[in-house]
Amino acid sequence: MVPTAKPADPKTPVDAASAWDDLDPGLLSNQLVAWFQGARRDLPWRHELSAYRVWLSEVMLQQTQVSRVVGYFERFVARFPTVQDLAAADEDEVLSLWSGLGYYSRGRNLHKAAKAVVANHGGVFPTTAEALRTLPGVGEYTAAAVASFAGQQRVAVVDGNVVRVLSRLLNEDRAVQLPETKASLARSATILVDAAADAALHNEAMMELGALVCTPRRVDCAGCPWRTACLARSAGTVSARPVKLKARARTHLRLACIVVDVGGLVYLERRGSTGLFGGLGEPITAAMGDGDDVEAVWHTLCVERGISPPLRFTSPIVVERTLTHRELRFEVTMVQSSSAPSPPSAPSPQIGVADAGVFDDDALLTIGLSSAVRAVLAAARSPRLL
DNA sequence: AAGACGGGGCC
DNA sequence: GGCCCAGTCTT
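Caption draft 1: Region of the structure containing the domain arrangement of chain A. Per the domain assignment, the segments making up chain A are domain 1 (15–240) and domain 2 (251–385). If you average the C-alpha positions of domain 1 and of domain 2, the two centres end up 37 Å apart. The interface of domain 1 with domain 2 comprises eight residues on the first partner and 15 residues on the second. Overall, the association of domain 1 and domain 2 removes approximately 830 Å² of surface from exposure, summing both partners, and the carbon and sulfur fraction of that is 44%. Ranking the residues of domain 1 by area buried against domain 2 places Asp92, Tyr104 and Arg108 at the top, with a combined share of 53%. The interface formed by domain 1 and domain 2 contains one salt bridge. Arg270 serves as the salt-bridge partner of Asp92, at 3.0 Å between the closest nitrogen and oxygen. Taken together, the connections running from domain 1 to domain 2 amount to four residue pairs in polar contact (both at pLDDT 80 or more). Per-element tally for the side of domain 1 that touches domain 2: the top contributor is helix α6 (residues 91–98), with four residues.

Caption draft 2: Representation of the pattern of salt bridges. Counted according to the given criterion, the structure contains 16 salt bridges. A salt bridge links Arg46 to Glu208, with the nearest nitrogen and oxygen atoms 3.1 Å apart. Here Glu208 lies in helix α12 (residues 199–212) and Arg46 lies in the loop between α2 (25–39) and α3 (51–61), a separation of 162 residues in the sequence. Arg46 sits in the buried class, given a relative accessible area of 13%. In this structure, Arg305 engages Glu269 in a salt bridge whose closest nitrogen and oxygen atoms are separated by 2.5 Å. Placement of Arg305 in the loop between α14 (294–304) and β5 (317–322) and of Glu269 in strand β2 (residues 265–270) is noted, with a sequence separation of 36 residues between them. Its relative accessible area of 3% is what places Arg305 among the buried residues. Judged by relative accessible area, which is 2%, Glu269 ranks as buried. In this structure, a network of salt bridges that share partners links the residues Arg40, Arg41, Arg46, Glu204 and Glu208.

What counts and how
Residues numbered from 1 in each chain as written. Chains lettered and ligands numbered in written order. Predicted model: local features only at pLDDT ≥ 70, side-chain atom pairs only at ≥ 80, totals over all residues. Heavy atoms only, no water. Domains from an automatic or database assignment. Contact = heavy atoms within 4.5 Å. Buried area = accessible area lost by both parts, 1.4 Å probe. Salt bridge = Lys/Arg side-chain N within 4 Å of Asp/Glu carboxyl O. Polar contact = N/O pair within 3.5 Å; in protein donor to acceptor, adjacent residues only side chain to side chain. Helix = DSSP H or I, 4+ residues; strand = E, 2+ residues; numbered from the N terminus. Buried < 20%, exposed > 50% of the residue type's maximum accessible area, 1.4 Å probe, protein only.

In structure tokens, the structure reads:
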């Protein structure tokens, strides 16, 4: 549920309310928006606030920095000017344009949502938070953002920037991951947006403040429109906010990998549509245990696919990539084969091969590949992919 | 309520 | 090279 201006819930704790006894939300919003008028960045998705473009940019911006998104956004709107264009595309093309952006379920859900808008909304992109929330890949934050920026609904938009800004303004000392803290901060966001003259402008300004001034590090308190009101600033706790719970440890994953060359073409399989790198292409890949002998695993993988293992494998090329919670270690060999491998009839559960094929270098650019696989292919055969 | 899910930039 | 950042969906 997006926070709304409903009467106070009787179960609402008093914590957030008490902090607001000494703060004036109308004044704060005016100060914030005045600052924003001078600081607003010119970003491509701000040129035309259609629901389609706002939605596309917000999905790309989930868990992703603005600087990463700009180029991807430009390529998407150039190729898919309307939601109908996106809905009519092949998933492969969508994923190939998404390649490198990460969190690939976003790309698959983007395509599904476009199809749903065409099928269920007559191709007219919804602009109410309630209708947006039913689209795949659109959660609380994205629904509120599109409803506010493109639909002019008075809803609070709460992303990580807003959480950081509010946790400092209010000097929140509880961990921001806790449901109670999130709810409390959302109530504060609603108090502010309800007092704003222009809710959309206020919401945009909140996020811009978090992106440009109230940043995770190197905070620019001197340039902040809220420097006199900020409770963390007066308490000297700015750099200690927001409070976060300890992150989980990273796990290691060893992967046996074979790049098969079939007369100059590279053989790729498609991963199953769920889980890590879902729906993307990859060379023959299998998870290994710590003590496994990579040559033995390579041998098995060849036999499973009906190609003859070489008498002697080329020694492993090691490609390592670090993800947020995993360290991937690909141990790669190259094999020449006169015939295309056939995907195993009983795919290993780690991989879940859906289909497969051989590709030349140009065709490689038309399917979705993770950055990790691009690095593997570049190391094995084709520097063009770097 | 907790875990899975990428990738890059900053220090 | 370690640390930090940031929404949605699934279980």
